[in-house]
Each structure stands twice: as C-alpha cells, then as structure tokens.
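What follows is the residue order along each chain.
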Amino acid sequence: MLSVKIQNALNTQVGLEDYASHYYLSMASWCDKEGYFGSAKFLYAHSEEEKGHMMKMFKYVIDAGAHALVQPVPKVPHTFKSLLQLFEIVLKHEKEVTQSISSIVELALKEKDFATFNFLQWFVAEQHEEEKLFNTIIGTIKMAGTDSRGLFFADKEIEKLIANK
Ligand code: OFO
C-alpha cells in the first residue's frame with residue numbers, strides 16, 4: 001500500500017513524464033520543419049520513450065492498489081532558436097526530472113517504502129543514461145559548428161543514436 005505522500009509524488013511524476021513526451025514531440029515537429037530530419041526521428045522516438053516512462057509509473061501506482069491520476073499537461077513551446085538551444089533545453093529538462101526522481105527516492109527511504117525505492121532504481125539508472133546521452137549530443141552539435149554542412153553532419157550523427165536507445 002502506498003502512503004498518500006508517495007502516491008501524490010508518483011502521480012506528479014506521471015505528469016512530468018507526460019509533459020516531457022509532449023515537449024519532445026513539439027521539438028520533433030520543429031526539427032522536421034527546419035529540415036533536421038535525423039533529429040526529428042530521434043525526438044519522435046524519445047517522445048514515445050517518455051510516454052513509456054509515464055505508463056510504467058502509472059501502472060506501478062495501479063498495481064500497488066492506489067489511484068493513478070492523469071495530469072493536466074501545460075502548454076509546450078513550439079519554436080526554438082537553434083538545434084543547439086533545443087538540445088540544451090532537453091538536457092536542462094532531464095536534469096529537473098533527475099532532481100524530481102531523486103526527491104521521490106528520498107521520500108521512499110524516509111517512509112521505509114522499499115518496494116517504491118526498488119521500483120525507482122530503474123528511473124535513477126535511466127536518468128543517468130539520458131543525461132549522458134544529451135551531453136554527448138550537445139558536444140556533437142558544438143563540435144560541428146553553425147554552418148549548414150556542420151549541422152547536416154550533426155543531424156546525421158544524432159539520428160544514429162536512435163539505434164543505441
Ligand atoms: Fe527523460 O526520462 Fe523519463 O524519466
């Protein structure tokens with residue numbers, strides 16, 4: 001049985017994962033419009049992944065006999081200054097998600113809810129991988145520079161990363 005505090009924290013996290021899925025979908029659409037087709041593919045896949053994270057948490061709440069709540073999703077931005085700025089936003093967002101997961105892990109320990117603590121370890125590892133991945137992407141874009149040839153190269157490299165996900 002989940003405590004009310006844990007239940008609320010997990011339901012809030014459900015909303016964050018859903019928001020991430022919407023945000024990355026919007027980013028994918030911008031990339032498609034700007035001709036960054038590799039990044040668009042990557043972000044469509046990533047948006048689906050975030051939906052998977054949301055459902056994983058949603059199901060956990062249900063399986064624990066609690067009430068999983070669909071959260072309202074705030075409006076997401078539709079335009080971005082550049083490919084670099086877009087992925088910097090992704091990294092910043094993922095760092096916030098990491099903070100949020102860490103605070104639920106802390107709460108689970110405080111409440112001696114070891115099942116939730118154990119469940120959240122998957123998310124802890126996932127956030128570690130995601131931060132690493134987005135740092136790599138940002139590094140690639142910076143190295144490629146701002147001319148169209150460099151950006152074309154970076155976009156192709158980002159597309160290749162879908163296979164490693
Ligand atoms: Fe971006 O990862 Fe979900 O949790």
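Quick note: structure is the one above.
Residues numbered from 1 in each chain as written. Predicted model: local features only at pLDDT ≥ 70, side-chain atom pairs only at ≥ 80, totals over all residues. Heavy atoms only, no water.

Engineer: Can you break down the overall build of the protein residue by residue, with the values?
Structural biologist: Within the protein one finds 5 helices and 0 strands. When the helices and strands of the protein are listed from N to C terminus, the series reads α-α-α-α-α. Dimensions of the protein along its principal axes, counting C-alpha atoms only, are 55 × 25 × 25 Å. Of the contacts formed within the protein by residues at least 6 apart in sequence, a portion of 78% connects residues at least 24 apart. By element, 60% of the accessible surface of the protein is carried by carbon and sulfur atoms, the whole surface being about 9,000 Å². Here the protein contributes 18 positively and 22 negatively charged side chains, and the mean placements of these two sets differ by 2 Å. (Helix = DSSP H or I, 4+ residues; strand = E, 2+ residues; numbered from the N terminus. Contact = heavy atoms within 4.5 Å. Areas by Shrake-Rupley, 256 points an atom, 1.4 Å probe, with all protein chains shown as cover. Lys, Arg positive; Asp, Glu negative; His and termini not counted. Charge placed at Lys NZ, Arg CZ, Asp CG, Glu CD.)

Engineer: Before we move on, can you summarise the packing of aromatic side chains with the specific residues and values?
Structural biologist: Within this structure, the stated rule accounts for 9 aromatic pairs. Measuring from ring centre to ring centre gives 5.4 Å for Y19 and Y23, while their planes differ by 55°; the resulting arrangement is tilted. Within this pair, Y19 and its partner Y23 are both found in helix α1 (residues 4-34), separated by 4 residues, close to a single helical turn. When its relative accessible area of 9% is taken as the criterion, Y23 is described as buried. Their ring planes at 90° and their centres at 6.1 Å tell us that F42 and F134 sit as a pair that is edge-to-face. Pair noted here: F42 is in helix α2 (residues 37-63) and F134 is in helix α4 (residues 114-144), with a separation of 92 residues, a long-range link. With a relative accessible area of 0%, F42 lands in the buried category. Assessed through its relative accessible area of 0%, F134 is described here as buried. Grouping aromatic residues by their ring pairs yields a cluster made of Y60, F119, W122 and F123. Its guanidinium or amino end placed over the ring of W122, K56 lies 4.4 Å from that ring's centre, counting from NZ or CZ. (Phe/Tyr/Trp six-rings, centres within 6.5 Å; stacked < 30°, edge-to-face > 60°. Buried < 20%, exposed > 50% of the residue type's maximum accessible area, 1.4 Å probe, protein only. Lys NZ or Arg CZ within 6 Å of the ring centre and 35° of its normal.)

Engineer: How would you sum up the packing of α1 against helix α3 (residues 83-110)? Please name residues and give values.
Structural biologist: For the pair α1 and α3, interaxial distance at closest approach is 11 Å and the crossing angle is 170°. When the axes of α1 and α3 are compared, the pair comes out roughly antiparallel. Residues of the contact of α1 with α3, tallied by class, amount to 20 nonpolar, 3 polar and 3 charged. (Axes fitted to C-alpha atoms, helices over the stretch in contact; angles between N-to-C directions. Parallel < 35°, antiparallel > 145°, perpendicular 65-115°, else oblique. Nonpolar A, V, L, I, M, F, W, Y, C, P; charged D, E, K, R; others polar.)

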